[in-house]
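Residue strings, one per chain:
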Amino acid sequence: MKNNLLFDFIVDKRAKTVTVNREFAAELPLVWDAYTKQELLDQWWAPKPWESRTKFMDFRVGGRRFYAMVSPEGDERWLIQKYTSITPKTNFKLFNAFADKDENPELPGSVLDLNFSEQDGTTKVNISIYNESLERLEKMIETGFTEGTKLQLDNLEALLARLSKS
Amino acid sequence: MDIRRDVFQAIADPTRRAIITLIALQAMTPNAIAEHFDTTRQAVSKHLRILTECELVKQETKGREIYYQLEIDKMKEIDQWLEQFRKIWETRFNQLDDLLSTIKKQKNEK
């Protein structure tokens, strides 16, 4: 079931834009809540074993979300987001930047444009991420999110274990 | 001054990206490269120097001419790094899948 859901990741280096398309097996209002409500967002935003901890989130135009990505060792990397446009259950745009612990953004940042649509109980989310600088995109990876690689290794380990049994 | 010299600095400039595209097809001399651009030879030389310092291109001497050619492995670094970025989103979304299905189950039980 999960495998049938669309996942596109398109990089346009020249336009400094990454486009992500993903489908979810849930109705739109629920998916919208998962993206826009602090208590839900914190449950999935950080790739495990990192944790997302939101200090405050004010989801309205001009409002901000101040949150930390917390490493398994407890190191905090603060980020700040500012909502620049909201069309309920359809679209929202935000500016995203790393920040110090006193909410001062470290520029440049990135601009996220998120679109939501539903068809037959499946919700499609289209995200376009514009980065002012490639260096910043690079920093996002360096800031500890090497977990993707670790996950891959874990999966490989599990696969090897399975293969050795059969 | 701390000057940044890596693949990302190399591709940050439009002229350098054009040079990369050009020499991806075949090794070329600085003069042959410069002919493709409206800018001065000095400007092209400067870009070639940066590309060399970023280790994205390498020089090879054939007879009396110096040829510039692309370091394919370095270009792969960019793709590997973008692959990590893709992985973050993939992981995130899988976690969201789990959360959504948990919430749906809870709703059905009520």
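Further up the page is the structure itself.
A brief report on the enclosed structure follows. Quick caveat: nothing in here was measured; it's all calculated off a predicted structure. (Residues numbered from 1 in each chain as written. Chains lettered and ligands numbered in written order. Predicted model: local features only at pLDDT ≥ 70, side-chain atom pairs only at ≥ 80, totals over all residues.)

**Concerning the overall build of chain A**
Stage number 1. Looking only at helices and strands, chain A features four helices and eight strands.
Stage number 2. Counting across all 166 residues of chain A, residues that qualify as buried make up 22%.
Stage number 3. The long-range share in chain A, meaning contacts at least 24 apart out of those at least 6 apart in sequence, stands at 33%. (Helix = DSSP H or I, 4+ residues; strand = E, 2+ residues; numbered from the N terminus. Buried ≥ 20, exposed ≤ 12 C-beta atoms within 10 Å, placed from the backbone. Contact = placed C-beta atoms within 7 Å.)

**Focus: unusual backbone geometry**
Residue and element names in this part refer to chain A.
Stage number 1. Cis geometry marks the peptide bond from Lys 48 to Pro 49, where omega comes out at 5°.
Stage number 2. We note that Asp 120 has phi near 50°; this positive angle belongs to a residue other than glycine.
Stage number 3. In this structure, Asp 120 sits in the loop between strand E7 (105–119) and strand E8 (122–131).

**Remarks on the environment of Glu27(A)**
Stage number 1. One can find Glu27(A) in the loop between strand E2 (17–24) and helix H1 (28–36).
Stage number 2. Contact partners of Glu27(A), with chain neighbours within four places excluded, come to Glu118(A), Gly121(A) and Thr123(A).

**A short note on helix H2 (residues 14–25) of chain B**
All names here are of chain B.
Stage number 1. Compared with the 16 Å implied by 1.5 Å per residue over twelve residues, the 18 Å span of H2 between its first and last C-alpha is a close match.
Stage number 2. When we look at burial in H2, the residues that qualify are Arg 16, Ile 19 and Ile 23. Down the axis of H2, the buried set is contained in an arc of 55°. They therefore lie on one face. Seen from the buried face of H2, the exposed residues on the opposite side, beyond 90 degrees, are Pro 14, Thr 21, Ala 24 and Leu 25. (Expected span 1.5 Å × (residues − 1). Arc of directions from axis to C-beta.)

**Some points on H1(A)**
Turn by turn, an α-helix covers 3.6 residues, leaving residues three or four places apart pointing in a common direction.
Stage number 1. Within H1(A), burial applies to Val31(A), Trp32(A) and Ala34(A). Viewed along the axis of H1(A), the buried residues span an arc of 160°, placing them on a single side of the element.

Purely spatial values, then, with no claim about function.
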